[in-house]
Amino acid sequence: PSQPPPFVQLDPPSPPPPCPACPAGRSYRGDTCECVEVLKAQMTFVNLTVESFNETKFVAATAADLSVAEEQVVDVVATAGSLKVDFAVQPPLDVTTFEAGTAETMKETLVSGNLTTLSAEFGETPVVDAANIVTPQEAADAAAAAMAELAAIPGGRAAAGPLSPGPPRPSRASRGDVPCSAPYRSGLQGPHPSIVRFSSKDLSSSAPFTP
């Protein structure tokens, strides 16, 4: 009698490790685990709506007013309430930090209202509150101050020692050449090749195979 075909067991692959948390004043670069400095900002357009907002034009105009490349303007989120636009600016793609004073200059430009390209593109000058523009240094200082306040509390976190910066960023080899992606960080795993395993038990059968 003919033998049954071998039983194939498909095991799910191991997922890549999660990205370590970025320190204050930094954020992930795109869908990678690379942490880079970030300027976080919010502005309000009084007469615009979410429906009329054009993200592509916003990115181009903001980049022009801040004298940065368009790919540096990231994480744009528009919400109702007149129209509030949250966004972030990262360093150029070939570096992870801003040049000295660059983030502070961008904040001054935003707060001063000297946003001629944005004003021309959207027909109004956005309202910018300095409290809603946070440079990398300001974010790091705020985090340090929070830790200092916690240390002053009897039995606070600092009593057990400083917070760990987290595990080092895994190498591409240890991750199986699969980048730690934003979908993975949010709990969604992308497709990976299945692993096929055979065993001697799988290749034998006590019952004859009936086609």
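Relevant structure appears above.
Below is a short write-up of the structure. No experiment lies behind these values; they were computed from the predicted model shown. (Residues numbered from 1 in each chain as written. Predicted model: local features only at pLDDT ≥ 70, side-chain atom pairs only at ≥ 80, totals over all residues. Heavy atoms only, no water.)

It is worth spelling out the overall build of the chain at this point. Counting secondary structure elements, the chain contains 5 helices and 7 strands. Reading the secondary structure of the chain in the N-to-C direction produces β-β-β-β-α-β-β-α-α-α-α-β. For the chain, the proportion of its 211 residues judged to be buried stands at 31%. Surface summary for the chain: the accessible area is close to 12700 Å², and the carbon and sulfur share equals 58%. (Helix = DSSP H or I, 4+ residues; strand = E, 2+ residues; numbered from the N terminus. Buried < 20%, exposed > 50% of the residue type's maximum accessible area, 1.4 Å probe, protein only. Areas by Shrake-Rupley, 256 points an atom, 1.4 Å probe, with all protein chains shown as cover.)

What follows is about the pattern of salt bridges. Counted by the stated rule, this structure contains 3 salt bridges. When the shortest N-O distance is used, the salt bridge between Lys57 and Glu121 registers 3.8 Å. Residue Lys57 is found in helix α1 (residues 55–66), and its partner Glu121 is found in helix α3 (residues 116–122); the two are separated by 64 residues along the sequence. (Salt bridge = Lys/Arg side-chain N within 4 Å of Asp/Glu carboxyl O.)

Applying the stated criterion to the full structure yields 2 disulfides. One disulfide in the model links Cys19 with Cys33; its S-S distance is 2.2 Å. Linking Cys19 and Cys33, the disulfide has an S-S dihedral of approximately -70° and is accordingly described as left-handed. Taken as a pair, Cys19 in the loop between β1 (9–11) and β2 (26–28) and Cys33 in the loop between β2 and β3 (35–37) lie far apart in primary sequence, 14 residues in all. Of the two residues, Cys19 and Cys33, both sit in the buried class. The side chain of Cys22 participates in a disulfide bridge whose partner is Cys35; the two sulfur atoms lie 2.0 Å from each other. (Disulfide = S-S within 2.5 Å.)

Okay, the sheet that holds strand β6 (residues 83–89) next. Read from one edge to the other, the open sheet built from 3 strands follows the order β4-β6-β5, with strand pairing classed as antiparallel. Lying at the two open borders of the sheet, with one neighbouring strand each, are β4 (39–45) and β5 (73–80). Averaged over all pairs of adjacent strands, the angle between their axes in this sheet comes to 15°, without regard to strand direction. Pairing of β4 with β6 involves 7 bridges; the strand directions are antiparallel. Of the residues in β6, the one forming a bridge with Gln42 is Asp86. Helix α2 (residues 102–112) contacts β4 and β6 of the sheet and is inclined by roughly 10° relative to β4. (Pairing = 2+ DSSP bridges. Axes fitted to C-alpha atoms, helices over the stretch in contact; angles between N-to-C directions. Contact = heavy atoms within 4.5 Å.)

By themselves, these observations are geometric and do not establish any function.
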